[in-house]
Amino acid sequence: MSANRPAAVVVLAAGEGTRMKSATPKVLHAICGRSLVGHVVAASRELDPEHLVVVVGHAREKVVAHLAETDPEVRTAVQYEQNGTGHAVRMGLEALGDSGIVLDGTVVVVCGDTPLLTGETLRKLSDAHAGDGNAVTVLTAEVPDSTGYGRIVRDEATGAVTAIVEHKDATDAQRAIREINSGVFAFDARLLVDALGKVRTDNSQGEEYLTDVLGILREAGHRVGAAVAGDHREILGINNRVQLAEARKLLNERLLHTAMMSGVTVVDPASTFVDVTVTFGQDVLVHPGTQLLGTTHLAQDAEVGPNSRLKDTTVGEGAVVDNTVADGAVIGAGANVGPYAYLRPGTRLGAKSKAGAYVEMKNAVIGEGTKVPHLSYVGDATIGEYTNIGAASVFVNYDGVNKHHTTIGSHCRTGSDNMFVAPVTIGDGAYTAAGSVITKDVPPGSLAVARGQQRNIEGWVARKRPGSAAAQAASAAGRDGRDESPETDGGQ
């Protein structure tokens with residue numbers, strides 16, 4: 001536990017976000033595997049606050065349900081009418097008070113639409129607040145272009161913040177200031193509660209502004225300080241889809257940079273996309289056009305891509321996954337997947353196994369060394385070790401009402417163009433002939449043949465297609481189809 005553990009973090013997430021032009025609340029739009037508010041909550045958790053409360057308002061039922069799934073320990077407070085940031089913070093603190101919680105220490109206030117904000121930056125803010133003995137400390141940033149932002153005005157002698165001046169109210173000299181307000185603050189809890197009761201609404205919007213608290217505390221003789229963010233991009237808020245895409249790009253770059261610095265080779269970061277919950281072993285190789293989503297993990301020496309999309313998938317050590325879509329799959333060490341494979345939920349590939357070109361699998365457990373090389377569908381099946389499944393095989397698992405299971409043993413060899421009509425079991429060491437439709441169990445070590453016998457009808461082309469190109473070709477080959485040989489039946 002940190003010595004500067006905050007008493008509470010209050011996340012402001014009540015706004016509608018009309019500029020998103022969406023039925024989805026702004027804070028629930030996602031980048032890199034988390035909602036906007038989810039990123040902020042995760043960063044806030046790094047402070048290990050005693051209490052974490054999210055103030056909700058617009059579409060609060062959706063936001064509350066989302067938070068209950070992503071972080072069940074989060075408290076929520078409702079701002080029924082959006083009457084300003086000061087009012088939102090007051091609703092959050094009152095909700096804690098109604099639960100019998102008396103705050104003593106630091107309260108950190110953050111915005112729910114700042115997904116690039118890191119726990120490290122929040123820690124620096126909290127530490128600066130405690131170390132300087134401030135009543136309030138504002139997180140600021142120095143930006144290349146401060147147009148439209150509130151400027152931070154400091155006392156030249158002490159460096160203390162004397163005012164936050166909005167762009168429209170700033171003088172020419174103040175507009176030249178590049179240090180801006182982020183909307184993130186650390187407050188002394190008791191002083192914050194008292195000051196919020198003094199915030200007025202005599203402004204053009206008729207709202208309670210949180211920034212007014214700084215003036216109230218300064219007039220009361222308390223120190224107002226600032227902590228400057230190391231990267232000004234961390235404080236970027238999201239108001240529209242363009243900014244959402246920009247934030248996604250920045251966060252993706254950050255995640256890939258961290259991965260590469262830890263020993264992952266990313267051939268083309270510009271075409272590679274990862275979620276915050278993806279993890280890597282050392283010496284992983286990621287080719288262009290790859291998306292790694294959810295809880296995907298690539299073990300040491302794994303190779304993925306190009307053009308692969310893996311979600312909630314584990315790739316074992318040294319496995320190769322090429323041009324593949326996988327969702328909820330486990331790929332064993334040294335396995336080979338693709339190109340153009342589709343691994344659906346429940347697929348488990350054993351070590352050194354293969355799911356080859358144009359193979360689809362669902363709810364299938366594949367043993368060590370087993371190969372499904374080409375053009376096959378394996379659904380609701382268990383296959384043992386070192387078995388080979390012939391090309392163009394289909395595991396017929398659905399009867400129109402229920403799904404049924406197929407079991408194929410170890411060291412089996414199944415022919416091409418087989419249909420396994422479940423439920424059916426193929427014993428260890430058994431073979432099936434090409435073109436077979438297997439509807440009955442096959443004992444271990446047996447050969448199953450389930451197909452009609454071949455029949456050759458001599459002279460059919462000459463009689464039925466006279467003068468055709470086929471008839472001419474047959475005649476040129478010396479078989480004009482008019483010899484006297486009898487019709488023959490080919491057998492197994």
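Keep in mind that this is a model prediction, so the values were computed, not measured.

Another aspect to go through is the packing of helix H3 (residues 85-98) against helix H6 (residues 189-196). The relative placement of two packed helices is expressed as an angle between their axes plus a distance between the axes. Viewed as axis vectors pointing N to C, H3 and H6 meet at an angle of 125°, and their least axial separation amounts to 10 Å. The angle between H3 and H6 places the two elements in the oblique class. When the axes of H3 and H6 are compared, the crossing they make is left-handed. Judged by residue contacts, Gly86, Val89, Arg90 and Leu93 of H3 engage Leu192, Val193 and Leu196 from H6. Of the residues that constitute the contact of H3 with H6, the class distribution is five nonpolar, one polar and one charged.

Let's shift gears to the state of the cysteines. Throughout the structure, instances matching the rule amount to zero disulfides. Left without a disulfide partner, Cys111 is nearest to the cysteine sulfur of Cys32, which lies 20 Å away.

Before going further, it helps to spend a moment on the pairing of strand S7 (residues 136-142). The buried fraction of S7 amounts to six of the seven residues, a majority that puts the element mostly inside the structure. Across six bridges, S7 lies against strand S10 (residues 179-188) in antiparallel orientation. The residue bridging Val138 from the neighbouring strand is Phe185, located in S10. Where S7 and strand S11 (residues 224-228) come together, five bridges link them in parallel fashion. Considered in S11, the bridge of Val136 is made with Val224.

Taken as a whole, this structure holds 15 salt bridges when the rule is applied. For Glu94, the salt bridge goes to Arg90, with nearest N and O atoms at 3.3 Å. Of the two residues, Glu94 and Arg90 both sit in helix H3, four residues apart, roughly one turn of that helix. According to the relative accessible area criterion, Glu94 is partly exposed, its value standing at 36%. Owing to a relative accessible area of 24%, Arg90 belongs among the partly exposed residues under this scheme. Between Asp380 and Lys362 there is a salt bridge; the shortest N-O distance is 2.6 Å. Taken as a pair, Asp380 in strand S30 (residues 377-383) and Lys362 in strand S28 (residues 360-366) lie far apart in primary sequence, 18 residues in all. Each member of the pair Asp380 and Lys362 is classed as buried. Overlapping salt bridges, with partners in common, bring together Arg90, Glu94 and Glu208 in one network.

Split by domain assignment, the chain resolves into domain 1 (8-234) and domain 2 (241-448). Computed from C-alpha coordinates alone, the two centres of domain 1 and domain 2 are separated by 46 Å. Listed as interface residues are 16 residues of domain 1 and, on the opposing side, 13 residues of domain 2. Each partner contributes to the roughly 1200 Å² buried at the junction of domain 1 and domain 2, and carbon and sulfur atoms together form 66% of this total. When the buried area of domain 1 at its contact with domain 2 is split by residue, Ile31, Cys32 and Leu116 rank highest and sum to 47% of it. Put simply, domain 1 and domain 2 have seven residue pairs in polar contact (both at pLDDT 80 or more) between them. Among the elements of the structure, strand S2 (30-31) and helix H1 (36-45) are those that each provide at least two residues to the side of domain 1 that touches domain 2. Tallied by class, residues from the side of domain 1 that touches domain 2 come to seven nonpolar, five polar and four charged.

The rules behind each value
Residues numbered from 1 in each chain as written. Predicted model: local features only at pLDDT ≥ 70, side-chain atom pairs only at ≥ 80, totals over all residues. Heavy atoms only, no water. Axes fitted to C-alpha atoms, helices over the stretch in contact; angles between N-to-C directions. Helix = DSSP H or I, 4+ residues; strand = E, 2+ residues; numbered from the N terminus. Parallel < 35°, antiparallel > 145°, perpendicular 65-115°, else oblique. Left-handed = near helix turned anticlockwise from the far one by under 90°. Contact = heavy atoms within 4.5 Å. Nonpolar A, V, L, I, M, F, W, Y, C, P; charged D, E, K, R; others polar. Disulfide = S-S within 2.5 Å. Buried < 20%, exposed > 50% of the residue type's maximum accessible area, 1.4 Å probe, protein only. Pairing = 2+ DSSP bridges. Salt bridge = Lys/Arg side-chain N within 4 Å of Asp/Glu carboxyl O. Domains from an automatic or database assignment. Buried area = accessible area lost by both parts, 1.4 Å probe. Polar contact = N/O pair within 3.5 Å; in protein donor to acceptor, adjacent residues only side chain to side chain.

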